[in-house]
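# Fold and contact review
Listed here are the chains, written in short residue letters.
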Amino acid sequence: MAKRIKDNDWKLVPAPESKDHVRIDAEYKLFIGGKWVAPKSGKYLDTINPSSEQRLARVAEADAADVDAAVKAARKAYDTVWSKMPAPERGKYIYRIARLLQEKAREFAVVESMDGGKPIRESRDFDIPVAAAHFFYYAGWADKLQYAFPARNVSPLGVAGQIIPWNFPLLMAAWKIAPALACGNTVVLKPAETTPLTALLLAELIQEAELPDGVVNIVTGAGATGAALVNHPDINKIAFTGSTAVGKLIQRSVAGTGKKLTLELGGKAPNIIFADATIDQAVEGIINGIYFNQGHVCCAGSRLYVEESVHDEVVRKLKHRMKSLVVGDPLDKNTDIGAINSREQLGTINKYIKLGQQEGADMYQSSCDLPGKGFWCRPTLFTNVAQSARITQEEIFGPVLAIQTFRTVDEVIQKANNTPYGLSAGVWTDKGSKIFNLTSKLRAGVIWANTFNKFDPTSPFGGYKESGYGREGGVHGLGAYLNLS
Ligand code: ADP
């Protein structure tokens, strides 16, 4: 008879990825006009490894004067070089970035996991290859923009200011930089304050690719640096991915300025399991949707709706699978759930876990060992959750799943659509007709059927309602960086 897995009755031999091939400098300046420039204020921020709480590097904190220098460099590069360059030449530079990124993929993956806390399996197999794929994909569009928008006149916008979060540091940089460059814009990018390192490595790679000075500028810092970029008068476009609260602030700041804006904000994705679904496959999809990546994805499947007749089976299988999830060293190849990105984020997640219990839901957590130092959270699920509960309605951004049941299709559509968000959703069923019915009625930008969290550079991504507006990826993503007439 097969042995049942009990909590902690097995151990995997550690399989850490080597750090030997990785170079992280003690200090990083700002990448402006193709050069490394000290911040005018002389101020630096620490970026730490969330799995050890040790400092990895000191990173410059750009103020408004530094941001101004970066925008000036981007404007100069736009006026004198990039907007004048034949489109196939632009494409060649972007291909070069893509190829170099592939060559250095291992180094980028290790640094991503050290700075952000995500498991090496995710950064190695997902973040870095998909980032490279975005550069390849958009490089191909650079000289074909006319074909993307037949019978329209296309021209670049100018200088794009781009602000990105900490959950997919390099991938978000690629999502933003690749289409902007392909369309002929120049860029000032601000990475998140807790995960700046892969964007800074990308700056080094861009130097190696010999991009003309000032085409890509990278300024590090926190919210004030982002705000200085948003408010700079010589920016033509702001692309932001981050929290709904900051997105709303940005929307207010650019109103009436003529700056173009795309916002990719929070999410609270419903993952819907019908009784006719292949349950084992669906359980794996639920685990992938919320626990891998620590739930640090705006499109995480954080609300689970299970058809009543299979609720007990799904929950039993989920709990069983959760027992085998490995929480620990992000650089270990066996790790499923890495470190939470920051102490602050862990505090937010723990606040919601407490709140879920106070709201009367039943909590289950795996009882795996957690490392001593660092920021960790066990995979957690709640059953008997109310639709109005805050753990159902609000984005937690952690490995916390809220489970409800449903009896009819109409009921689940109504419940799934009943949050302020509309970024993504998942449907698991054997019946194609149900998939078509749901996908036309769910108000979400991306809907996965019998899978979850799949990304491809050719597919547009973006939200409804408070999840933002505008699309990134695919041909749609080009439109966000062009004047079309
Ligand atoms: P998260 O909750 O994902 O950290 P934030 O919206 O706080 O989301 O951060 C996303 C990005 O926005 C980060 O790069 C952060 O520094 C930046 N940011 C924070 N506040 C502001 C602001 N007021 N204006 C512009 N950018 C900001």
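Residues numbered from 1 in each chain as written. Predicted model: local features only at pLDDT ≥ 70, side-chain atom pairs only at ≥ 80, totals over all residues. Heavy atoms only, no water.

### A few points about helix 10 (residues 279-290)
Structurally, the α-helix is built with 3.6 residues per turn, so residues lying three or four positions apart point the same way. For helix 10, spanning twelve residues, the distance from its first C-alpha to its last is 17 Å, which sits close to the expected 16 Å at 1.5 Å a residue. Listed as buried for helix 10 are Ile279, Ala282, Val283, Gly285, Ile286, Ile287, Gly289 and Ile290. Packing partners of the buried residues in helix 10 comprise strand 12 (270-273), strand 13 (303-307), helix 11 (311-323), strand 16 (400-406) and strand 17 (424-428). (Helix = DSSP H or I, 4+ residues; strand = E, 2+ residues; numbered from the N terminus. Expected span 1.5 Å × (residues − 1). Buried < 20%, exposed > 50% of the residue type's maximum accessible area, 1.4 Å probe, protein only. Contact = heavy atoms within 4.5 Å.)

### Thoughts on the pattern of salt bridges
In this structure the tally under the stated criterion is 25 salt bridges. One salt bridge in this structure joins Asp125 and Arg124, with 2.8 Å as the shortest N-O distance. Between Lys415 and Glu411 there is a salt bridge; the shortest N-O distance is 3.0 Å. Highlighted residues: Lys415 and Glu411, both in helix 14 (residues 409-417), separated by four residues, approximately one helical turn. Exposure remark for Lys415: the relative accessible area of 17% places this residue in the buried category. The class of Glu411 is partly exposed, set by a relative accessible area of 26%. (Salt bridge = Lys/Arg side-chain N within 4 Å of Asp/Glu carboxyl O.)

### Describing the packing of aromatic side chains
The final tally for this structure, using the stated rule, is 14 aromatic pairs. Geometrically, the ring pair formed by Tyr137 and Trp141 is edge-to-face, given 6.4 Å between the ring centres and 85° between the ring planes. Here Tyr137 and its partner Trp141 are both found in helix 4 (residues 120-141), four residues apart, which amounts to about one turn of the helix. Taken together, Phe126, Phe168, Trp175, Trp448, Phe452, Phe455 and Phe461 form an aromatic cluster joined through their ring pairs. We note Lys351 situated over the ring of Tyr352; from NZ or CZ to the ring centre the distance is 4.7 Å. (Phe/Tyr/Trp six-rings, centres within 6.5 Å; stacked < 30°, edge-to-face > 60°. Lys NZ or Arg CZ within 6 Å of the ring centre and 35° of its normal.)

### Comments concerning the pairing of strand 13
Counting buried residues in strand 13 gives five out of five residues, a clear majority hidden from the surface. The alternating pattern of strand 13 places Arg303, Tyr305 and Glu307 on one face and Leu304 and Val306 on the opposite face, and all of these are buried. As judged from the four bridges shared by strand 12 and strand 13, these two strands associate in the parallel manner. Bridging across to strand 13, Ile273 finds its partner in Val306. Chirality of the crossover, the property in question, places the unit of strand 12, helix 10 and strand 13 among those that are right-handed. Pairing of strand 13 with strand 16 involves five bridges; the strand directions are parallel. Pairing of Glu307 across the sheet is with Phe406, part of strand 16. (Pairing = 2+ DSSP bridges. Right-handed = clockwise from strand over helix to strand, strands pointing away.)

### Examining the pairing of strand 16
The buried fraction of strand 16 is high, at six of seven residues. Across three bridges, strand 15 (residues 380-383) lies against strand 16 in parallel orientation. The residue bridging Phe382 from the neighbouring strand is Ala402, located in strand 16.

### Some details on the sheet that holds strand 1 (residues 27-28)
The strand order across the open sheet formed by three strands is 1-5-4, and the pairing between neighbours is mixed. If you trace the sheet from one side to the other, it starts and ends with strand 1 and strand 4 (44-49), each paired once. Here strand 4 pairs with strand 5 (residues 54-60) via six bridges, running antiparallel. Bridging across to strand 5, Asn49 finds its partner in Gln54.

### Focus on unusual backbone geometry
At Asn453, a residue that is not glycine, the phi angle is positive and equals roughly 55°. Considering the arrangement of structural elements, one finds Asn453 in the loop between strand 18 (446-449) and strand 19 (468-469). Given a relative accessible area of 11%, Asn453 falls into the buried group.

### With respect to the site of the ligand
Taken together, 19 residues are adjacent to the ligand, and Ile164, Trp166, Lys190, Glu193 and Ser243 come closest. Within the side chain of Ser243, an N or O atom sits 2.7 Å from an oxygen atom of the ligand. Of all the secondary structure elements, the ones that give two or more residues to the shell around the ligand are helix 8 (223-231), strand 10 (237-241) and helix 9 (244-254). For the shell around the ligand, the per-class residue count stands at twelve nonpolar, five polar and two charged. (Near = heavy atom within 4 Å. Polar contact = N/O pair within 3.5 Å; in protein donor to acceptor, adjacent residues only side chain to side chain. Nonpolar A, V, L, I, M, F, W, Y, C, P; charged D, E, K, R; others polar.)

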